[in-house]
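So the chains spell out like this:
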Amino acid sequence: MKNRFNELRVASYASVRRNGFAQALSNAKGTAIGLAFLALLLPACTTNDPNAGGPTAQTNVSTEEVADQTNELLGKSVTVRSEVGEKVGANSFTITDDELFGNDKVLVINASGAPTVLPDDIELQVTGKVQKFVVADVEREFNLDLEPEVEVEYKDKPVIIAQSIALAPKPGEVTKNPSAFYGKVIAVKAEVEDIISPALFSLDEDKLTSTQDLLVLNRTPGQTVNDGQEVVVIGVLRPFVFADIERDYDLNWDLTVQRKLEAEYSQKPVLITNSVFPAAED
């Protein structure tokens, strides 16, 4: 089954290239459409919004802040990176973090339009509006049919109405098992490790680990990063095949960059960006 999955994934990439779709990704206008179409061709994604996470760090908050400072956040759109607590219903689940105990979990209602697929041992990045949970209001506004037990347990408690949900792995989790993320929109928070060129850099969340850095191809116009800066990168993961990447994105790397990439990253994962923004301070 796994081999068949990989065969289908490779065939999907080949189909995209044959039809010339990858060329549409090389301009800003085609990026959002391209990523959405790519998500349909490749393994299912937890969000239908390639911009999952938003363009700035100012709205980044912790699960604890949503739980403890609900009144200050009511009506605001926030982005939370957190562990999954438990699935509550077909369109709802809870998130938590190491600072929360007992019943201090935050309910998330998936209003993104995409199926709710909860990962094992991988954080999620959730973006949506903070409200106090009133089931009738949520069902009416977002055309959802929620389970009765959700109302009983979470009535008037904080809830995030999620417009986008993305997997939020660490760089090492991606590089150790890239096939689990190929073709998916992911949101990676980490420190910029090595700036190879204006459009290329690598991410490493922990200099003490021996995991392979994650290569990033920055296709976001006007966005630059600094060495050592902590950022959030949102994009689609694909295998790094030098000839394919250079052709698909109309790149002209000099010989020094080409040799470095082929020596260090050939056949390894590369994250093609849709958005890059500074990470919020913890």
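Data block above holds the structure.
Residues numbered from 1 in each chain as written. Predicted model: local features only at pLDDT ≥ 70, side-chain atom pairs only at ≥ 80, totals over all residues. Heavy atoms only, no water.

The next thing to look at is the overall build of the protein chain. Check the secondary structure of the protein chain and you find ten helices and eleven strands. Evaluated residue by residue, the protein chain yields a buried proportion of 50% over its 282 residues. Sequence-distant contacts, at least 24 apart, represent 71% of the contacts inside the protein chain between residues at least 6 apart. For the protein chain, the exposed surface amounts to about 13,900 Å²; the carbon and sulfur share of it is 48%. (Helix = DSSP H or I, 4+ residues; strand = E, 2+ residues; numbered from the N terminus. Buried < 20%, exposed > 50% of the residue type's maximum accessible area, 1.4 Å probe, protein only. Contact = heavy atoms within 4.5 Å. Areas by Shrake-Rupley, 256 points an atom, 1.4 Å probe, with all protein chains shown as cover.)

Residues Ile-160 and Leu-203 are the most contacted members of the largest nonpolar core, which totals 34 residues. Once residues lying within four places of it in the same chain are set aside, the contact partners of Leu-203 are Pro-171, Val-188, Ala-190, Glu-191, Val-192, Glu-193, Asp-213, Leu-214, Val-216, Val-231 and Val-233. Grouped together as the second largest cluster of nonpolar side chains are 15 residues, Ile-245, Tyr-249, Val-257 and Ile-272 included. (Core = buried A, V, L, I, M, F, W, Y, C linked by side-chain atoms within 4.5 Å.)

What the rule picks out here adds up to two aromatic pairs. With a centroid separation of 5.5 Å and 40° between ring planes, the pair formed by Phe-242 and Trp-253 is classed as tilted. Highlighted residues: Phe-242 in helix H9 (residues 242-248) and Trp-253 in the loop between H9 and helix H10 (255-265), separated in sequence by eleven residues. By the burial criterion, Phe-242 is buried, and Trp-253 matches it. Members of the aromatic cluster, each reached through a chain of ring pairs, are Phe-240, Phe-242 and Trp-253. (Phe/Tyr/Trp six-rings, centres within 6.5 Å; stacked < 30°, edge-to-face > 60°.)

The subject of this paragraph is the pairing of strand S4 (residues 106-110). Most of S4 sits inside the fold, with five of its five residues counted as buried. Of the two faces of S4, the one carrying Val-106, Val-108 and Asn-110 and the one carrying Leu-107 and Ile-109 are both buried. Pairing of strand S3 (residues 92-96) with S4 involves four bridges; the strand directions are antiparallel. The partner of Thr-94 across the bridge, within S4, is Leu-107. One ladder, built from four bridges, connects S4 with strand S6 (residues 158-167); its direction is parallel. Looking at S6, one finds that Val-108 is bridged to Ile-160. (Pairing = 2+ DSSP bridges.)

Our focus in this paragraph is H10. Burial in H10 covers these residues: Val-257, Leu-261 and Tyr-265. Along the axis of H10, the buried residues cluster in a sector spanning 30°; they form a single face. Seen from the open side of H10, the exposed residues pointing more than 90 degrees away from its buried face are Thr-256, Arg-259 and Ala-263. Packing partners of the buried residues in H10 comprise strand S7 (185-197), strand S8 (200-204), strand S9 (214-217) and H9. With a side-chain oxygen positioned 3.1 Å from the backbone nitrogen of Thr-256, the residue opening H10 is Asp-254. Taken from the residues just after H10, Gln-267 is the one with a positive phi, measuring 70°. (Arc of directions from axis to C-beta. Polar contact = N/O pair within 3.5 Å; in protein donor to acceptor, adjacent residues only side chain to side chain.)

By themselves these figures say nothing about function.
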